[in-house]
Amino acid sequence: MTAERPAKLMSMAQAVRRFVHDGDCVAIEGFTHLIGFAAGHEIIRQKRRDLTLCRLTPDVIYDQMIAAGCARKLVFSWAGNPGAGSLYAFRRAVEQDQPAPLELEEYTHFGLVARYAAGAARLPFMPLRGFAGSDLVAVNPEIRTMRCPFTGEELAAVSALQPDVTFISAQRAALDGSAQVWGLVGVQREAAFAAKHVVVVVEEIVDEAVIRSDPNRTLIPGFVVSAIVHEPWGCHPSFAQGYYDRDNDFYVGWGEISRDRQRLESYLDEWVHGVSGRAEYVERLGGDLERLRCAPAFAAPVSYGAE
Amino acid sequence: MTAERPAKLMSMAQAVRRFVHDGDCVAIEGFTHLIGFAAGHEIIRQKRRDLTLCRLTPDVIYDQMIAAGCARKLVFSWAGNPGAGSLYAFRRAVEQDQPAPLELEEYTHFGLVARYAAGAARLPFMPLRGFAGSDLVAVNPEIRTMRCPFTGEELAAVSALQPDVTFISAQRAALDGSAQVWGLVGVQREAAFAAKHVVVVVEEIVDEAVIRSDPNRTLIPGFVVSAIVHEPWGCHPSFAQGYYDRDNDFYVGWGEISRDRQRLESYLDEWVHGVSGRAEYVERLGGDLERLRCAPAFAAPVSYGAE
Amino acid sequence: MNPMAHDQRSPDYTRRELMACQAARQLTDGEVVFVGIGLPNLACNLARRRHAPGLVLIYESGAVGSVPQRPPVSIGDPQLVRGALSVCSMAEVFYSYLHGGRIDVGFLQGAQIDRYGNLNTTVIGDYAQPTVRLPGSGGACEIALHARRVVVIAPQSRRSFPERVDFVTSPGHTPEGGDRSGAGAGPVAVITDLACYGFDRGEMILTSLHPGVTLEEVRDNIGWEVRQAPEVGATEAPAAEELRLLREELDPEGLFL
Amino acid sequence: MNPMAHDQRSPDYTRRELMACQAARQLTDGEVVFVGIGLPNLACNLARRRHAPGLVLIYESGAVGSVPQRPPVSIGDPQLVRGALSVCSMAEVFYSYLHGGRIDVGFLQGAQIDRYGNLNTTVIGDYAQPTVRLPGSGGACEIALHARRVVVIAPQSRRSFPERVDFVTSPGHTPEGGDRSGAGAGPVAVITDLACYGFDRGEMILTSLHPGVTLEEVRDNIGWEVRQAPEVGATEAPAAEELRLLREELDPEGLFL
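Please read these numbers as outputs of a predicted model, since none were measured by experiment.

How each quantity is defined
Residues numbered from 1 in each chain as written. Chains lettered and ligands numbered in written order. Predicted model: local features only at pLDDT ≥ 70, side-chain atom pairs only at ≥ 80, totals over all residues. Heavy atoms only, no water. Least-squares fit on C-alpha atoms with pLDDT ≥ 70 in both. Core = buried A, V, L, I, M, F, W, Y, C linked by side-chain atoms within 4.5 Å. Buried < 20%, exposed > 50% of the residue type's maximum accessible area, 1.4 Å probe, protein only. Contact = heavy atoms within 4.5 Å. Pairing = 2+ DSSP bridges. Helix = DSSP H or I, 4+ residues; strand = E, 2+ residues; numbered from the N terminus. Axes fitted to C-alpha atoms, helices over the stretch in contact; angles between N-to-C directions. Parallel < 35°, antiparallel > 145°, perpendicular 65-115°, else oblique. Left-handed = near helix turned anticlockwise from the far one by under 90°. Nonpolar A, V, L, I, M, F, W, Y, C, P; charged D, E, K, R; others polar. Buried area = accessible area lost by both parts, 1.4 Å probe. Salt bridge = Lys/Arg side-chain N within 4 Å of Asp/Glu carboxyl O. Polar contact = N/O pair within 3.5 Å; in protein donor to acceptor, adjacent residues only side chain to side chain. Phe/Tyr/Trp six-rings, centres within 6.5 Å; stacked < 30°, edge-to-face > 60°. Lys NZ or Arg CZ within 6 Å of the ring centre and 35° of its normal. pLDDT = per-residue confidence, 0-100.

**Student:** Before we go on, may I ask you to explain the relation of the copies chain B and chain A in this structure?
**Tutor:** Once turned by 180 degrees and shifted 0.0 Å along the axis, chain B lies on chain A with an RMSD of 0.0 Å. Considering both components of the superposition, the chain copies are consistent with a two-fold axis. Relative to the rotation axis, the C-alpha of proline 301 of chain B is the closest in chain B, positioned 3.5 Å from it.

So this is what it looks like as structure tokens:
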């Protein structure tokens, strides 16, 4: 059934070459879970420039991309190293224009979630009761106000965000691109539907019958997906629920690395430019990753019933 | 942990007595799946009057409630007997004011979905590109237009729908009210979050550990739920995915019953007023229900991982 | 459930079988179709088996990528869920798929369709005091607004093809000089039990006659002086393999044929 | 991860332990709490173990009804998902829970808090050319707008408690005569390492001093002439059982204490 359709399975290098261009608006989403480090590294390796990077929480991966000079602008709502302090490359860019100035378009989480939701629905805006009394309104003209056509109440409004390409990570997908996620889903569905192209990066490729055995679990069906990349451990040092846990030591250690521009560059040289891709990255980490692997803990079964 | 909280488990008679009052706005949701027939029958038995009934697809259950004189007004988007023709009690009410006039507030599916979505979010309205060119706008002043604060484009807007009580049916729930649904979910989540009170009607009560083993499957957590009713076969002649299939013979047969007011009243006398509740209804149907029971067909397992 | 008997002039197939085959031909492999129950469902599954194996079927109930093994009797049939690619909420169906521009083709049916392709599924007569109260829009109005192509399937009669519908449930084409901003592009095709129609400058025009149907018969069963396409052809008859699939595999119980 | 050593004047507990206990006392059984990482999380879990077994913990990451067995190191910690009642999208977290009025208590932290309870987590200095760029709002601004009660937990210093914050990330109280329609009700309590504060006519007032802390010490560590409540009491010291739970069960590795 899928035989005649164009093959979507490609390497990360192919996916980035094809779907990420200088100047593009790029979202690598996954809120604190399933963060696409492998995708970000490949974008650094391919030296993409002038990107508008969108993400609720820029996290360590965007800190690396900013340091590597990929970003012209950041659309975000919380830029820190979760549970571990600052993103120093981000701070250097904002505080000292190092290595280059970084334009900021800043929202609250709710505001940016609403932008993705509008984008996914191709609605030109979404209303919310938000931002009231915050100085964010003064520094971001894209946060507007409007009146409810029923109550006359003043509400905030944000515009649709529609990235050129969104990368989302998922635990498993079929070759058609239909992907299933469990655990925290963040804004992955909205960010994917909002984008012109979607690249799905998965821990595991499964038979379409696995996906079809549990259709409620599907985050995104294949026909909305442009490319699928099979990249085990593709989220490390972030995590994939049920597959491997978050590498907290890495997150904590990142503060020391990113605080020092030299050390950060050495890190990129060794772990990004110095490897051909995620497979080599994983190979080089070797047994160290085993401490992160989860023991199985299965969900209670459900039956869809047969006639 | 749940011991000190007020007990939410009650009989359908108790739930209706407590949460449905004359003049209330009531939604029994479940789009073509998990339709709350047991709830509707109890409302008929308790002779509630002047209700505003909300539902995308009034279906056979609202046809029965209209015939029984419960409804003053209907908020809806498609009033037919799915796959089987007309709802004649509804038609008699609209075409001949029999047994009483029925006020209509009519939307499209999309419009009514948007009303529930606004209600769930306590947003006063939701925008959509809808209704344009349709005569519905002329007959329903609650469908308004507005301008996008970004593009200036004219959009339709609908107001929040917030029922006094929403009944939703689910396959399983824990005693705290946390309910899981698979198969078609329709607008059940939105209709539940939109309501002042939520009554969850389930095929099966399970240990909270079952729910907690698969949190992504949860449609609604217990603290949003006012009452939980354990009512096996509570959706017949509708269906519960994985438990029992739709009773198509009943749906097809309903046309003949509802076309004739006498026959419809005999039906209500025998199957609604003539039984004390769903348990007796099921007992009276007896072995006839067995043909609807599904064989198991399990979803592929997923692991949430253990440390 | 089988209102039309075998066509007397064409003992080989019924007109409903022809309609299903003709509707299937509107579909291209890989397209995403918003499907209704009955003939549209048969047409989609026929296309999947014949020339469009990658067709994606979406039902307004939230089933995406369904692979029905028998014709569903309702859009809430449990077998639309079993084996589907995805099941989602109706908010997602309407906002992410339909509004989001992800639907290539939408099939609509209607009690009345008029000269401009407006469809009525709401009332016969006046809205406040209708002669016949019909079900209403359901998903139809916004399918008409947002699907890239809309195809209408409807049995034809003078009563069901009036010059103007009693109530516009789902807007068709905007007549020249008219202004209906935000309305959809209007249907691209209408398939009846007698003929096929397209649209020219917003107006329905006859494009082909079904085998054995005369122009006079078409005119007797339409409520206005219908214009004809420059060349009115003959609708292609069902192929033997199409009929075999329809009868033996897709609707063996004859629920919709 | 353990910036504060044991309090020299109170060898029995640290000021952070006191803060966690005091925050826990703000919570009532059955309430729904929007939780942050660190002290708020410890406070919620302490309350769950002590007097509020039915407390529902919601994290902005989408975990609802979490039962963390150890302190999560991030709001995306996998163990917030394992055993949770529900996991939902962030659109649902913000629209259905927060905007929907389902949150009783929200905990906020901040680099700066001012006389009116405005919180700054955005920049020190000017927005366009900041001295220190902080993470930004995240969920905080709308927690301030929509949670029924907001409780702030923050270590106190003259620098972090200025009369006016450099940037209002999350709005506090509207000063008398001010107009900020749509803004929230403002925090009900501020818990620092020195004292507890409430609000009177929109302005932060001292309500209790922690054991061993002098009024002078408080005044030295706040950027305006702070008013006092009619009766300034002594903050209740942690009970032995609270300390045991915090140290032995809730944060045995001392990540946040």
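**Student:** Looking at this structure, how should I read the nonpolar core?
**Tutor:** As a rule of thumb, nonpolar side chains are buried together in soluble globular proteins. Counting 370 residues, the largest nonpolar core has Ile43, Phe167 and Ile220 of chain A together with Ile43, Phe167 and Ile220 of chain B as the members making the most contacts within it. Excluding residues that lie within four positions of it along the chain, phenylalanine 167 of chain B makes contacts with Met12, Val16, Val20, Val26, Ala27, Ile28, Glu29, Ala39, Ile43, Val199 and Val201 of chain B. Of all hydrophobic cores here, the second largest spans 12 residues; its members include Phe125 and Ala157 of chain A together with Met146 and Phe150 of chain B.

**Student:** What is the right way to look at the pairing of strand S6 (residues 144-147) of chain B in this model?
**Tutor:** Here is the key point about a regular strand: its side chains alternate between the two faces of the sheet. All names here are of chain B. As judged from the four bridges shared by S6 and strand S7 (residues 154-159), these two strands associate in the antiparallel manner. Bridging from a neighbouring strand, methionine 146 pairs with leucine 155 of S7. The antiparallel hairpin formed by S6 and S7 contains six residues in its connecting segment, where glycine 152 sits at a positive phi of about 80 degrees.

**Student:** Sorry, what's going on with the packing of helix H1 (residues 15-24) of chain C against helix H2 (residues 39-50) of chain C here?
**Tutor:** Think of two packed helices as two axes; the pair is described by the angle between the axes and how far apart they sit. Residues and elements named next belong to chain C. Viewed as axis vectors pointing N to C, H1 and H2 meet at an angle of 55 degrees, and their least axial separation amounts to 8 Å. Between H1 and H2, the angle is such that the two are oblique. H1 and H2 meet at a crossing whose hand is right-handed. Together, Arg16, Met19, Ala20, Cys21, Ala23 and Ala24 of H1 and Leu39, Ala43, Leu46 and Ala47 of H2 make up the contact between the two elements. Taken together, the residues of the contact of H1 with H2 break down into nine nonpolar, no polar and one charged.

**Student:** Hey, could you run me through the interface of chain B and chain A in this one?
**Tutor:** How big an interface is tends to be stated in terms of accessible area lost as the parts join. Taken together, the contact pairs 47 residues of chain B with 47 residues of chain A. Both sides of the chain B and chain A interface together cover about 4,000 Å² of buried area, and 62% of this is carbon and sulfur. Looking at the side of chain B facing chain A, the largest losses of area belong to Phe150, Val302 and Ser303 of chain B, adding up to 17% of the total buried there. Here chain B and chain A share two salt bridges between them. For arginine 217 of chain A, the salt bridge identified is with aspartate 214 of chain B, shortest N-O distance 2.9 Å. Connecting chain B to chain A are 26 residue pairs in polar contact (both at pLDDT 80 or more). For the side of chain B that touches chain A, the secondary structure elements donating two or more residues are strand S5 (125-128), S6 and S7 of chain B. A class-by-class count of the residues in the side of chain B that touches chain A yields 27 nonpolar, 10 polar and 10 charged.

**Student:** Looking at this structure, how should I read the sheet that holds S5 of chain B?
**Tutor:** By definition, the strands of a sheet pair up through backbone hydrogen bonds, in either a parallel or an antiparallel sense. All names here are of chain B. Pairing is antiparallel across the open sheet formed by three strands, whose spatial order is S5-S7-S6. Of all the strands in the sheet, just S5 and S6 have a single pairing partner and so form its edges. Direction aside, the axes of adjacent strands within the sheet are offset by 40 degrees on average. Bridging between S5 and S7 involves four bridges; their strand directions are antiparallel. Looking across to S7, one finds that leucine 128 is bridged to alanine 156. Running over the sheet, helix H5 (residues 109-121) touches S5 and S7 and is turned about 145 degrees from S5.

**Student:** For this particular structure, what's the right way to read the environment of leucine 161 of chain B?
**Tutor:** Residues and elements named next belong to chain B. The residue leucine 161 is located in the loop between S7 and strand S8 (165-173) in this model. Assessed through its relative accessible area of 6%, leucine 161 is described here as buried. Residues leucine 161 and asparagine 81 lie 80 residues apart in sequence; the distance between their C-alpha atoms is 24 Å.

**Student:** Just to check I follow, could you spell out the interface of chain C and chain A for this structure?
**Tutor:** In this complex, chain C contributes 26 residues to the contact, which on the side of chain A involves 27 residues. Both sides of the chain C and chain A interface together cover about 2,200 Å² of buried area, and 55% of this is carbon and sulfur. Ranking the residues of chain C by area buried against chain A places Arg82, Leu85 and Arg102 of chain C at the top, with a combined share of 31%. At the boundary of chain C with chain A, the tally comes to one salt bridge. In this structure, glutamate 92 of chain C engages arginine 189 of chain A in a salt bridge whose closest nitrogen and oxygen atoms are separated by 3.4 Å. Put simply, chain C and chain A have 10 residue pairs in polar contact (both at pLDDT 80 or more) between them.

**Student:** Got a minute to help me understand the sheet that holds strand S7 (residues 154-159) of chain A in this structure?
**Tutor:** All names here are of chain A. Taken in spatial order, the three strands make up an open sheet running S5-S7-S6, and their pairing is antiparallel. Of all the strands in the sheet, the pair left with one neighbour each is strand S5 (125-128) and strand S6 (144-147). Pairs of neighbouring strands in the sheet enclose a mean axial angle of 40 degrees, with direction left out of account. Running at roughly 145 degrees to S5, helix H5 (residues 109-121) makes contact with S5 and S7 of the sheet.

**Student:** In this structure, what is going on with the packing of aromatic side chains? I would like to understand it.
**Tutor:** Remark: the centre distance and the inter-plane angle together describe each pair of aromatic rings, the angle taken between the planes. Counted by the stated rule, this structure contains 28 aromatic pairs over all chains. Three or more aromatic residues joined by ring pairs make a cluster, and in this case those are Phe110 of chain A together with Phe34, Phe94 and Tyr95 of chain D. Between the NZ or CZ atom of arginine 55 of chain A and the centre of the ring of tyrosine 62 of chain A, over which it lies, the distance is 5.9 Å. Across from the ring centre of tyrosine 281 of chain A, 3.8 Å away, lies the NZ or CZ of arginine 278 of chain A, which sits over that ring.

**Student:** When you look at the confidence of the model for chain C in this model, what are you seeing that I'm missing?
**Tutor:** All names here are of chain C. Scored by pLDDT, chain C comes out at a mean of 92, with 95% of its residues at no less than 70. Of the regions scoring below 50 in pLDDT, residues 1-10 engages in 21 contacts with residues more than four places distant in sequence or in other chains. Overall fold confidence (pTM) sits at 0.96, and the ipTM for the predicted complex is 0.96.

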